[in-house]
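# Working through the structure, step by step
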Amino acid sequence: MTRTGTAGASRPASSVLRRATVPWDVPVRLVDRPAGPVTRHRVDPGVALPGVPAVDVHVATPPAGTNGTQAPVLVALEPVRDAPGPDVPADGTLADLLGALAVDAHGTVPVGVAGTPFTRAVLAALAAVPAGRTLTYAALAAAAGRPRAVRAAATVMARNRVPLVLPCHRIVPTSGGVGRYGWGADVKRVLLAAETHP
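In this numbering scheme, every chain counts its residues from 1 along its sequence in written order. With the structure being a predicted model, the display of local features is reserved for residues of pLDDT at least 70 and the display and counting of side-chain atom pairs for 80 or more, all residues being used for whole-chain, interface and lining totals. Each side-chain value is worked out from all heavy atoms of the structure, with water and hydrogens disregarded.

### Details of the environment of Ala131
What counts as a helix is a DSSP run of H or I of at least four residues, what counts as a strand is a run of E of at least two, and both are numbered from the N terminus. Along the chain, the position of Ala131 falls in the loop between helix H3 (117-127) and strand E6 (135-136). Since its relative accessible area comes to 22%, Ala131 is described here as partly exposed. Once the C-alpha coordinates of Ala131 and Val22 are considered, the two residues, 109 residues apart in sequence, prove to be 8.1 Å apart. Relative accessible area decides the class of each residue, using a 1.4 Å probe on protein chains only: under 20% of the type maximum gives buried, over 50% gives exposed, and in between gives partly exposed.

If you want it as structure tokens, here you go:
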């Protein structure tokens, strides 16, 4: 890791990340979204994504005494579309940054979330979907404890601020196809293909 900043001291990606098939396939720990200052890191996603040459990762540092820690928390991940291809400068790779955030004994990345108990249940169920697998919106709603709340689960996916790491691209329609995705259907297809055939 070459970047130090808010994401933490310079350190190599954890062994958990080195075993991952794709850079964003990491274990996460959902925490309350902190109110502390946010630092933006522009990184290379590690996989060629159509129309997305880089990714902006937003990391918050909780105020002192919050949950007994000041460990940085991942709060948002956005595609960069303001320049073509290699002209977008990056501060390292997504894998490096996630490795710097995975500071606990289990190598989990803390992800800040907010919302209702159902929203948190949906995001927890989403985080459990492994790379190379997909789940329908109906199955996601059921996994979150409300099998009839399919549209509500889809709304949580649409508002997911940490795509890739909370892998909403792995949720697909019951009717088939890849369905919608905030970064574009072409990106979703590439992500699913990268996870299925690393």
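### Things to note about the nonpolar core
Among buried residues, the Ala, Val, Leu, Ile, Met, Phe, Trp, Tyr and Cys ones that are joined through side-chain atoms within 4.5 Å form a nonpolar core. Judged by nonpolar contacts, the single largest core of 45 residues is most densely connected at Val57, Leu74, Leu77, Met157, Val165 and Trp183. Among the elements of the structure, strand E3 (54-60), strand E4 (73-80), helix H2 (94-101), strand E5 (109-113), H3, helix H4 (137-143), helix H5 (150-158) and helix H6 (185-196) are those that each provide at least two residues to this core. Looking at this core element by element, the count peaks at five residues for H3. Note on definitions: a residue-residue contact is assigned when non-hydrogen atoms from the two residues lie within 4.5 Å. Ignoring sequence-local partners within four residues, the contact set of Leu77 consists of Val55, Asp56, Val57, Leu94, Arg161, Val162, Pro163, Leu164, Val165 and Trp183.

### Observations concerning the confidence of the model for the protein chain
Residues shown with low pLDDT carry predicted positions that ought not to be read at fine detail. This prediction gives the protein chain a mean pLDDT of 84; 82% of its residues lie at or above 70. Averaged pLDDT values for the elements of the protein chain fall to 37 in helix H1 (residues 15-19) and rise to 98 in H4. Known as pLDDT, the predictor's confidence for each residue is given on a scale from 0 to 100. Considering only residues more than four positions removed or in separate chains, one finds that residues 1-20, a stretch of pLDDT under 50, has 44 contacts.

### A look at the packing of aromatic side chains
Two rings from Phe, Tyr or Trp (for Trp, the six-membered ring) form a pair when their centres are within 6.5 Å of each other. A pair whose planes differ by under 30 degrees is stacked, one over 60 is edge-to-face, and the rest are tilted. Per the counting criterion, the structure on display carries one aromatic pair. Centre to centre, the rings of Tyr181 and Trp183 are 6.2 Å apart; their planes meet at 50°, and the pair counts as tilted. Exposure remark for Tyr181: the relative accessible area of 12% places this residue in the buried category. Over the face of the ring belonging to Phe118 we find Arg146, whose NZ or CZ atom lies 4.3 Å from the ring centre. As a reminder, the over-ring test applies to NZ of lysine and CZ of arginine, requiring each to be within 6 Å of the ring centre and within 35 degrees of the ring normal.

### Observations concerning H6
In a helix, the anticipated span is given by 1.5 Å times the number of residues less one. Along its 12 residues, H6 runs 16 Å from first to last C-alpha, staying within 8% of the 16 Å computed at 1.5 Å per residue. What H6 keeps buried is the set Val187, Lys188, Leu191, Leu192, Ala194 and Glu195. Down the axis of H6, the buried set is contained in an arc of 160°. They therefore lie on one face. Those residues of H6 that are buried lie in contact with H4 and strand E7 (171-172). Directions drawn from the helix axis to the C-beta atoms are what define this arc.

### As for the pattern of salt bridges
The term salt bridge refers to a pairing of a side-chain nitrogen on Lys or Arg with a carboxyl oxygen on Asp or Glu at a separation within 4 Å. This structure, assessed with the given rule, holds six salt bridges. Put simply, Asp25 and Arg170 hold a salt bridge, and the shortest N to O gap is 3.8 Å. With Asp25 in the loop between H1 and strand E1 (28-32) and Arg170 in the loop between H5 and E7, the pair connects residues that are 145 residues apart, well separated along the chain. With a relative accessible area of 23%, Asp25 lands in the partly exposed category. A salt bridge links Arg189 to Asp186; the nearest nitrogen and oxygen atoms lie 2.9 Å apart. Residue Arg189 and its partner Asp186 are both found in helix H6; the two are separated by three residues, about one turn of the helix. For Arg189, a relative accessible area of 45% puts it in the partly exposed group. One continuous salt-bridge network, built from bridges that share partners, spans Asp25, Arg170 and Glu195.

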